[in-house]
Amino acid sequence: MSDGATQNFVDKWLAVQPQQRIALGFVDEASRDERVALAALEQELISSAYGIREPQVAAAKLQWWAEELSGATASGGRHPLTKALFASQRAKQVPSALWIAPVLAAMAQLEQGTSSDFAAQVAASRGLHGALAALENAWWFGVDAPVESASRVATLAHLVFALSRLELDAERERLPLPMSRLARHGLSRRQLKADSPARRDAIRAQLAELAQGLREALALAEPLSTFRGVEGRTALATAKSASRASEPFAELHRRQARTGPATAIRAWLAARHAGRFG
């Protein structure tokens, strides 16, 4: 993207998902800038939801985004990403409710604590990530495109990433491991900060469930953007490998930063899948 202000936000997205640099080459050049801007916007909303530790500050930033996106159809937006997106006629074809839904979901989850079990954790995370997936599918494939697969992939891939922040987030209200998993392995919040056999077992069990969910989500044969497909395939490979590793937390970090021939194959597969739906 040629605009420097917009590129800064794209770079932030690529820093979180480095494998998407390879995916860029598999996206049609005619629509690439718009689709990349949308991915960068999603990352900005995710950062607002999770990256600010003070709930009041996060709420204020999300409220700004709610006002920005609700008025962007008329105003064209103030933020560089909003301007880039709403310069396109496609943005005006996406219902306003889809633009606002991720922000409202992010605001609703600010005060959420640690989920009771894995199913509750997935349900809690799906509010925001399912809304982002619905917005993305509407942009890529039209407002009537199915979103079940995309919603599941977005949610579960986020939970794989969240698990990699286990030590950093051990003091936060919402932990990356559900309460039932902590109880089953006899772990306290303090014990999440240091490696131990119990923590390894808990991480492996979490990753195994995430891998199973991702495998099922990717098998639904529904529309997934190229970026979502790469994200899901990368998260699945990461979760599978780390769940079998002797040091799962270290393997989780190694896998998330890794790119190479396997990433190119995943990007090609994701682009081919996306191309079947338009």
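Residues numbered from 1 in each chain as written. Predicted model: local features only at pLDDT ≥ 70, side-chain atom pairs only at ≥ 80, totals over all residues. Heavy atoms only, no water.

**Q** I'd like a description of the nonpolar core, backed by residues and values.
**A** Formed by 47 residues in total, the largest nonpolar core has its most connected members in Trp13, Leu41, Leu69, Leu85, Trp99, Trp139 and Phe227. Of all elements in the fold, only α1 (4–16), α3 (29–50), α4 (55–75), α5 (80–86), α7 (96–108), α8 (118–141), α12 (226–243) and α14 (261–275) reach the threshold of two or more residues within this core. For this core, the element with the most residues is α3, which contributes nine residues. Apart from residues lying up to four places away in sequence, Trp139 is in contact with Glu34, Arg35, Leu38, Leu85, Ser88, Arg90, Ala91, Val94 and Trp99. Grouped together as the second largest cluster of nonpolar side chains are 32 residues, Ala157, Leu159, Val160 and Ala235 included. (Core = buried A, V, L, I, M, F, W, Y, C linked by side-chain atoms within 4.5 Å. Buried < 20%, exposed > 50% of the residue type's maximum accessible area, 1.4 Å probe, protein only. Helix = DSSP H or I, 4+ residues; strand = E, 2+ residues; numbered from the N terminus. Contact = heavy atoms within 4.5 Å.)

**Q** Outline the packing of α4 against α7, listing residues and values.
**A** Where α4 contacts α7, the two axes come as close as 9 Å, and the packing angle between them is 165°. On the basis of the axis angle, α4 is roughly antiparallel to α7. Relative to α7, the crossing made by α4 is left-handed. Facing Ala59, Leu62, Gln63, Trp65, Ala66, Leu69 and Ser70 of α4, the residues of α7 in contact are Trp99, Ile100, Val103, Ala106 and Met107. Residues that form the contact of α4 with α7 fall into these classes: ten nonpolar, two polar and no charged. (Axes fitted to C-alpha atoms, helices over the stretch in contact; angles between N-to-C directions. Parallel < 35°, antiparallel > 145°, perpendicular 65-115°, else oblique. Left-handed = near helix turned anticlockwise from the far one by under 90°. Nonpolar A, V, L, I, M, F, W, Y, C, P; charged D, E, K, R; others polar.)

**Q** Residue-level account of the side chain of His129, with values.
**A** Examined against the element boundaries, His129 turns out to sit in helix α8. Of the polar contacts made by the side chain of His129, one reaches the side chain of His158; its length is 3.5 Å. In this structure His129 touches Ile46, Tyr50, Ala154, Thr155 and His158, once residues within four positions along its chain are discounted. (Polar contact = N/O pair within 3.5 Å; in protein donor to acceptor, adjacent residues only side chain to side chain.)

**Q** Any chance you could break down the packing of α3 against α7 for me, citing the residues and the numbers?
**A** For the pair α3 and α7, interaxial distance at closest approach is 9 Å and the crossing angle is 20°. In terms of orientation, α3 lies roughly parallel with respect to α7. Judged by the twist between their axes, the crossing of α3 over α7 is right-handed. Residue-level contacts link Leu38, Leu41, Leu45 and Ala49 of α3 to Trp99, Pro102, Val103 and Ala106 of α7. Looking at the contact of α3 with α7 residue by residue, the classes come out as eight nonpolar, no polar and no charged.

**Q** So, helix α11 (residues 197–218): which residues are in play, and what are the values?
**A** Between the first and last C-alpha of α11 there are 31 Å, a value that for 22 residues agrees with the 32 Å anticipated at 1.5 Å per step. Along α11, the residues that are buried comprise Arg199, Ala202, Ile203, Gln206, Leu207, Leu210, Ala211, Gly213, Leu214, Ala217 and Leu218. (Expected span 1.5 Å × (residues − 1).)

**Q** Give me the lowdown on the pattern of salt bridges, citing residues and values where you can.
**A** Summed over all chains, the structure comprises 17 salt bridges. With its nearest N and O atoms 3.6 Å apart, the salt bridge here joins Asp169 to Arg53. Linking Asp169 in the loop between α9 (148–164) and α10 (179–184) with Arg53 in the loop between α3 and α4, this pair joins segments that are 116 residues apart in sequence. Assessed through its relative accessible area of 9%, Asp169 is described here as buried. Accessibility expressed as a relative area gives 48% for Arg53, which makes it partly exposed. Among the salt bridges present, the one from Arg228 reaches Glu136, with a minimum N-O distance of 3.2 Å. Of this pair, Arg228 sits in helix α12 while Glu136 sits in helix α8, and the two are 92 residues apart along the sequence. With respect to class, Arg228 is no different from Glu136; both count as buried. Within the structure, one salt-bridge network assembled from shared partners comprises Glu42, Glu136, Arg228 and Glu231. (Salt bridge = Lys/Arg side-chain N within 4 Å of Asp/Glu carboxyl O.)

**Q** Describe unusual backbone geometry, listing the residues and the values that go with them.
**A** Within the chain, Ala221 stands out as a residue other than glycine whose phi angle is a positive 60°. Counting through the fold element by element, Ala221 comes out in the loop between α11 and α12.

**Q** Tell me what's going on with the packing of aromatic side chains, and back it up with residues and numbers.
**A** Taken as a whole and assessed by the stated rule, the structure comprises seven aromatic pairs. Ring centres of Phe141 and Phe277 lie 6.3 Å apart, and the angle between their planes is 75°; this geometry places the pair in the edge-to-face category. Of this pair, Phe141 sits in helix α8 while Phe277 sits in the segment after α14, and the two are 136 residues apart along the sequence. Following the ring pairs from residue to residue traces out a cluster consisting of Trp13, Trp140, Phe141, Phe227 and Phe277. Above the ring of Trp140, the side-chain terminus of Arg35 is found at 3.8 Å from the ring centroid. Positioned above the aromatic ring of Phe249, the side-chain terminus of Arg199 is 4.7 Å from the ring centre. (Phe/Tyr/Trp six-rings, centres within 6.5 Å; stacked < 30°, edge-to-face > 60°. Lys NZ or Arg CZ within 6 Å of the ring centre and 35° of its normal.)

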